[in-house]
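Letter by letter, the chains look like this.
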Amino acid sequence: MLNQRNVKPKKKRLNEGNIFVTMANPLAVYQMAQPLILPVNDPLGLYGRQSSLFQFQNNTDSRDYQIEEQRKILVLQYNWNNDVIFEYFEDFGESGTLGIGERVGVTRLLEDIQNGFIKAVYVFLVDRLFRDKLLENVIRFAKACYEKKIIIITSCYIYRMWIPEDYEKFIDDCKLAWKALDLQLNKRMLPMRVFASHSGKYDSRTLNIGYTVDRDKHSLTYKRYVPLPQHAEIVNEKIFLRLIAHGGDAFDLMHELEQQEGVHFPWHDDPLFNNKIELLKVPGVGYRIGTYTTLLHILRNPVYIGTWKTGNKEYPGSHEAIVTRQTWDAVQYLLDRRQESIHPHPRNHRYDTLLKGLILRPFPGCIVSVSPHNREISLAWKDGENRMHPNRRDIIPLQTVETMFQDVFTRRVLLDDKCHQYAQAASSLYEQEAKDREHIKETIIGLEARRRAILDDLENPKMRKKMSERTIEEKYQKVGEIEGEVARLNAVLNRPTKYIPLPDLISLIEQLRANWDSLPPAKIRDVALVFCNGILLTPRSNHTWSFEVQWELWANDSGIIWLNVGDKYHWFDEDIATLHDLADCEAPLEEVLSALPKFSQTAISNMSLRECGKRTVPKGSHRLDAYMTREDMRILEEYGVGIEQIANMRGAVKAREFSGQEYWSLAYTKRNECHDTIFFVDRDSGTNQEVIR
C-alpha cells in the first residue's frame, strides 16, 4: 500500500494540437500548421534609413550594407526575384522618431502596402522603420500589414503580420527599439552630460573664443574652461576695452574690426577646438569674427568673467576669468544705455502683399526683405569677405513688382482657356504633400483619442481610486508627452503648403477672373504659390532691374523694370580716384562716361564740382540721356528697348541743338508724373512692345 502511494500516477499524453503545447512553443506550432512560404515573385519593399546626414556621409558601412548587401541577401539567401524588389531609400538622413507623413520613404511604403502593391517588406531591424515613443505610427503601420497579410523580414526574425503572436511581437520589438534609444540617449548620455554641465565641466557645446578645454585627466581643471593666452589677451584688449573706448558703440567697433587685415585671432592647432569654434576659419592662419551678431554675443557672454551658464542657472567662479568685473560691468552699462537710446518702431502689420514668400535670393549671402509697410523690396549683402554686416543695399518699389506679377499671373492663369487643366495639373502635382498632411492628421486624431481615454480614467473617481500615486503620475506624464507630440505635429501642419483642393482652387481662380481685388493678398498668394516657384529680381544698373518669374508648369517670364527714380550708387575711393585722373587729363565726355559706367552724366558733373572744383563734363540737366548711365544704355540694348520708349514714359519731347543734333528734352516734364515701366521678353508678339505704365 505504501509502495502504491509513492508511485505517481501516469499522466495522459497530450495531443499535438493541445493548447498547452501551443503555449509552450507557439511559433513551432504555427509553422507546423501554417508553414512559412515566402512570396518570392511578388513585389517586396526594401527599406533603409540612417538618422542623420552626418551618419549617412561618415558611417558608410551601415549605408552600403543597407543599400547593396540587403538586396544580395534577398536574392541569394531567400531566392527572391530581383526584378520585383523595390527600394524605399528616401529616409537616409532622417530620424526614426519622425512619423508617417514626415518621412517620405516610410510614408510611400505604407501607401503601397495599403494599395496592395507591396506584399512583403525587408528591413535590417525594426528600429530602421520606427523609433516611436508613443507607438501611434507603429500601430498604424502594423494594422495595415495585418490587413494585407504582409511578411516583414529582418536580419533576426520574420514577422507574419496576420498571425497575432507575430503582430504583437512586431509592436513589442518597436517598443524595445524606442526604449533602447531612450536608455542610451535620454537616460544615459543626456543625464551624464547635464550632470557634467552643472558641475561646471565642458558638455560638448560650442567653444567660446579665448578659452579651450583642459583634457588632462590628472589636472584640477579637467574638462573645464581654461584661458588660451594668445586669444584671451585679444578678447580683453581688442574687444572689451575697445568697446569702452568707442563709448559703447558696437557698430563702430565692428567697423574697426572690419578694417583689420588678416585674422582677428591666431590659429590654434587643436582638432576639438577647431571643430567646436564658430568663427570664420583660415586653416593654419587664424580666425575672424564673421558677423555683428557674433560680436554682440561675445560682449554679452558672462563666460568671460568666469561664470558658467547651463540651462537657466549660472555658476560664478567656475573657471578663470579673462575680463575683470569692472570692465564687464562698464561694457554692459554702455551697451544697455545705447540700447535704451534707440527706440525701435514696432512692426506695422496693417499692410500685406501677395509677394511675401515669392522673392528669391539672387545670390548666396543676399538678404531679401519684403516690406509692405515701407512699400519696398530690398536686397542687402556684404561686398567683401571681411565685412561683418551687410553694407550694400538695393531697393525696388513693391508696387512696381506687384504690377508686373499681376500682369503675368493674369495672362498665364486667369485669362488662359486651359487654366482649369493647369489647375488640375498643379493640384495633382502637390497631391502627395496633401496625403502626407492627412497622415499627420490621422496621427494627431489617434493621439488625441488616447489622451482623452487616459484623462477619462483619471477623471473617473472609481478608476482613480484604484490607481496608485505612481500610476497617476505616470498617466499624467503620458498625457504631457502626447500633448507635446500633438503640438509638434500641429506646427508641421501649420507650415506653408502649395496644395489647394481642386474645387477650391478653381473657385479662387474664378473669383480672381471676376474681380482681382475681391480677394485679399494672402488668398491671391495662396493661389500664386501653387503655380509659381518664385520671382528672381536682380539689380542691373542705376535705373534697371531684371526679373524672372519661375513657373512650375510653364516657361519662365522674364524682362526688365525701368525705375523712374534711379538708385543712388555709392562713390567708392577708387571711383573718386578715377574721377580725379580724368579731370587732370581733361578727358572728353564719352571717355569719362565709359570710365565711370555706374554714374550718369549729371551725377559725374556734380561730383567733379564737389571733388575737383570744376565740372569735368557739362551737367546736361535738360537732357534725358544725361540722367542715364552707360550701364543703363547697355541693359536697354541687351533687351532691345530703345531710348524713345523711355522718353515716352518720361514725357520727354524731341529737341534740336544748334549743331543740328536731336535729343530728348526734359525741360517741360514733371518728375512726379512719371512712372516705372516694365518691359517683357518674348511675349505674345516676341517683342518688347508691350509696356505696363
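Computed from a predicted structure; not experimentally measured.

Trainee: Describe the packing of aromatic side chains, and please don't skip the residues or the numbers.
Mentor: Following the criterion strictly, the structure yields 26 aromatic pairs and no others. Judged by centre distance (4.3 Å) and plane angle (20 degrees), the rings of Phe251 and Tyr292 are stacked. Linking Phe251 in helix H11 (residues 250–259) with Tyr292 in helix H13 (residues 292–300), this pair joins segments that are 41 residues apart in sequence. The class of Phe251 is partly exposed, set by a relative accessible area of 33%. Assessed through its relative accessible area of 15%, Tyr292 is described here as buried.

Trainee: Summarise the pattern of salt bridges; cite the residues concerned and give the values.
Mentor: Note on pairing: side chains with opposite charge can pair once their charged atoms come close. Taken as a whole and judged by the stated rule, the model has 37 salt bridges. Across the salt bridge formed by Arg103 and Asp91, the nearest N and O atoms sit 4.0 Å from each other. With a gap of 12 residues between them, Arg103 in the loop between strand E2 (85–92) and helix H6 (104–114) and Asp91 in strand E2 connect regions that are remote in the sequence. What makes Asp91 buried here is its relative accessible area of 0%.

Trainee: Outline helix H15 (residues 398–414), listing residues and values.
Mentor: Burial runs high along H15: 12 of the 17 residues are buried. Taken together, the buried positions of H15 are occupied by Leu398, Thr400, Val401, Glu402, Met404, Phe405, Val408, Phe409, Thr410, Arg412, Val413 and Leu414.

Trainee: Go over the sheet that holds strand E3 (residues 120–122), please, and point to the residues and values.
Mentor: Pairing in this open sheet of five strands is mixed, and the strands run E2-E1-E3-E4-E5 from one edge to the other. Pairing within the sheet leaves two strands with one partner each, and these edge strands are E2 and strand E5 (158–160). The average undirected angle you get between the axes of adjacent strands in this sheet is 20 degrees. In the sheet, strand E1 (residues 44–50) pairs with E2 via six bridges, with the strands oriented parallel. For Leu44, the partnering residue across the bridge sits in E2 and is Ile85. Along the sheet, H6 contacts E1, E2 and E3; its crossing angle with E2, the most-contacted strand, is approximately 145 degrees.

Trainee: Account for the pairing of strand E14 (residues 367–371), naming residues and giving values.
Mentor: As paired strands, E14 and strand E15 (residues 376–381) are joined by five bridges and run antiparallel to one another. In the strand pairing of E15, Ile367 is matched with Ala380.

Calculation rules
Throughout, a residue's number is its position along its own chain's written sequence, starting from 1. The model is predicted, so local features are restricted to residues of pLDDT at least 70 and side-chain atom pairs to those at 80 or more, both for listing and for counting; the totals for chains, interfaces and linings are taken over all residues. With hydrogens and water stripped out, all remaining heavy atoms of the structure feed into the side-chain values. Note on aromatic pairs: the rings of Phe, Tyr and Trp (six-membered ring only in Trp) are paired at centre separations within 6.5 Å, and the planes decide the class, stacked below 30 degrees, edge-to-face beyond 60, tilted for the rest. Helix and strand definitions follow DSSP, with helices as H or I runs of at least four residues and strands as E runs of at least two, each counted in order from the N terminus. Each residue gets one of three labels from its accessible area relative to the maximum for its type: buried under 20%, exposed over 50%, partly exposed in between, using a 1.4 Å probe on protein chains only. The salt bridge definition used is simple: a Lys or Arg side-chain nitrogen within 4 Å of an Asp or Glu carboxyl oxygen. By the convention used here, strands pair only if DSSP detects at least 2 bridges between them. Axis definition: a line fitted to C-alpha atoms, limited for helices to the stretch in contact. Angles are taken between N-to-C directions and run from 0 to 180 degrees. In what follows, a contact means two residues having at least one pair of non-hydrogen atoms within 4.5 Å.

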